[in-house]
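# Examination of the molecular architecture
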Amino acid sequence: MTESSFLAEFRGNVTMECRFPTGGGETLSSLRVYWHRILPEPLLEVYKLESGKEDLSTQHHRYKGRVNLQKDRLKQGQAVLQMSNLSISDSGKYRCIVEQGGADYKEATLNVRAPYRNIKTAVTGKCQGPKGHLELSCEAEGFPLADVQWTDMSGHSFNTTTTTHKKNEEGLFIVKSYFKVKAGCGDIYNCTFKSGTTNEETSASLLFMDMNMTLETIGAHTSLELVVPLIVGLVLLLLLCPGFLFIMKRKRSKCFHSAGSIEDTAIYKQQEEKEPLETQTP
């Protein structure tokens, strides 16, 4: 084997290679290659090549249609086995036996893992006032068995949680964790699935909003959304008002003219003629 262990992903593919000496004058017609899974028991036949020809008559049904030997690499002294659509039960110790004149074998371990993705989250209860009693839950499937850790926005972890698990038909662990907390609207909590074997972590965040609002509460929120822009508009008007009045003062002639008052326009022109004289008087 080129490696003593292989790590692959659930429903993925893996390539395991077994090398053997060549150049002794033997032809591929005399070559025999056997792949078995030897642990856990019982022994299962994965693939067999007899006298240079593929023989799947005694192959275990678990591997039918999922394994392939790259025959073009046999001349290079490489018995390369490809396995697809991996399941958790494919994990174990494998042995490769090559017979051509003499015999040799190699062994390697295959570990199939399933990361805890697609975490399902749920919140039960209401976030009323500054703090409300809520029950949080996170659920995900994966392998191997993972621990679940809960943390808040500051990174503080909690030990008062309940975690359960069971296996489904595919050998995956269904892990569900519950956490009761007194939290306020807008608080964020994280649940993290940690696998000690693979050192992988997958997290999901829960942001608490008032998802159980009554019609009156929704109406109150809607009214507030209307009042806030109105207040902001009034504040901006007060801030811009002095500048607006200054501009209007500088352009009063245009304003009076547009009003159509010839008498007022004449008075304003007289005032404009006096103002420069007053500014020149020491």
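Below is a summary of the structure that appears in this document. Computed from a predicted structure; not experimentally measured. Every chain begins its residue count from 1, and numbering advances along the sequence as written. Per-residue local features of the predicted model are confined to residues with pLDDT of at least 70, and side-chain atom pairs are confined, for both listing and counting, to 80 or more; whole-chain, interface and lining totals are unaffected and use all residues. For the side-chain quantities, the full set of heavy atoms in the structure was used; hydrogens and water were omitted.

### With respect to the overall build of the protein chain
The criterion, for reference: A run of DSSP states H or I qualifies as a helix once it reaches four residues; a run of E qualifies as a strand once it reaches two. Both are numbered from the N-terminal end. Burial classes: relative accessible area under 20% of the type maximum marks a residue as buried, over 50% as exposed, and values in between as partly exposed (1.4 Å probe, protein chains only). Should any heavy atoms of two residues lie within 4.5 Å, those residues are counted as being in contact. For every accessible area listed, the method is Shrake-Rupley and the probe measures 1.4 Å; residues are considered covered only by the protein chains on display.
Check the secondary structure of the protein chain and you find three helices and 16 strands. Counting every position in the protein chain, which comprises 282 residues, the buried fraction comes to 32%. Residue pairs at least 24 apart in sequence account for 57% of intrachain contacts in the protein chain once pairs closer than 6 positions are excluded. When the accessible surface of the protein chain is summed, it comes to about 18,200 Å², and 55% of that surface belongs to carbon and sulfur atoms.

### Here's the deal with the state of the cysteines
Note the cut-off: Two cysteine sulfur atoms make up a disulfide if the distance between them is within 2.5 Å.
Here the structure, examined in full by the defined rule, presents two disulfides. What pairs with Cys-18 in a disulfide is Cys-96, and their sulfur atoms sit 2.4 Å apart. Linking Cys-18 and Cys-96, the disulfide has an S-S dihedral of approximately -90 degrees and is accordingly described as left-handed. You can see Cys-18 sitting in strand β2 (residues 14-19) and its partner Cys-96 sitting in strand β8 (residues 92-100), a full 78 residues away along the chain. Since its relative accessible area comes to 2%, Cys-18 is described here as buried. Cys-96 sits in the buried class, given a relative accessible area of 0%. The disulfide partner of Cys-138 is Cys-191, and the gap between their sulfur atoms is 2.0 Å. Between Cys-138 and Cys-191, the disulfide has an S-S torsion of -85 degrees and is therefore left-handed. One end of the pair, Cys-138, is in strand β10 (residues 132-143); the other, Cys-191, is in strand β15 (residues 188-195), and 53 residues separate them in sequence. Across the pair, Cys-191 and Cys-138 agree in class, each one buried.

### So, the sheet that holds β2
Hydrogen bonds between backbone groups are what pair the strands of a sheet, and the pairing can be parallel or antiparallel. Put simply, the rule is: For two strands to pair, DSSP has to find at least two bridges joining them. Lines fitted to C-alpha atoms define the axes, with helix axes restricted to the stretch in contact, and inter-axis angles between N-to-C directions lie between 0 and 180 degrees.
Taken in spatial order, the three strands line up as β2-β7-β6 in an open sheet, and their pairing is antiparallel. Looking at strand neighbours, the two that pair on one side only are β2 and β6 (67-69), the edges of this open sheet. When strand polarity is set aside, the average angle formed by the axes of neighbouring strands in this sheet is 20 degrees. Sheet topology note: the β2/strand β7 (residues 78-83) ladder contains six bridges and is antiparallel.

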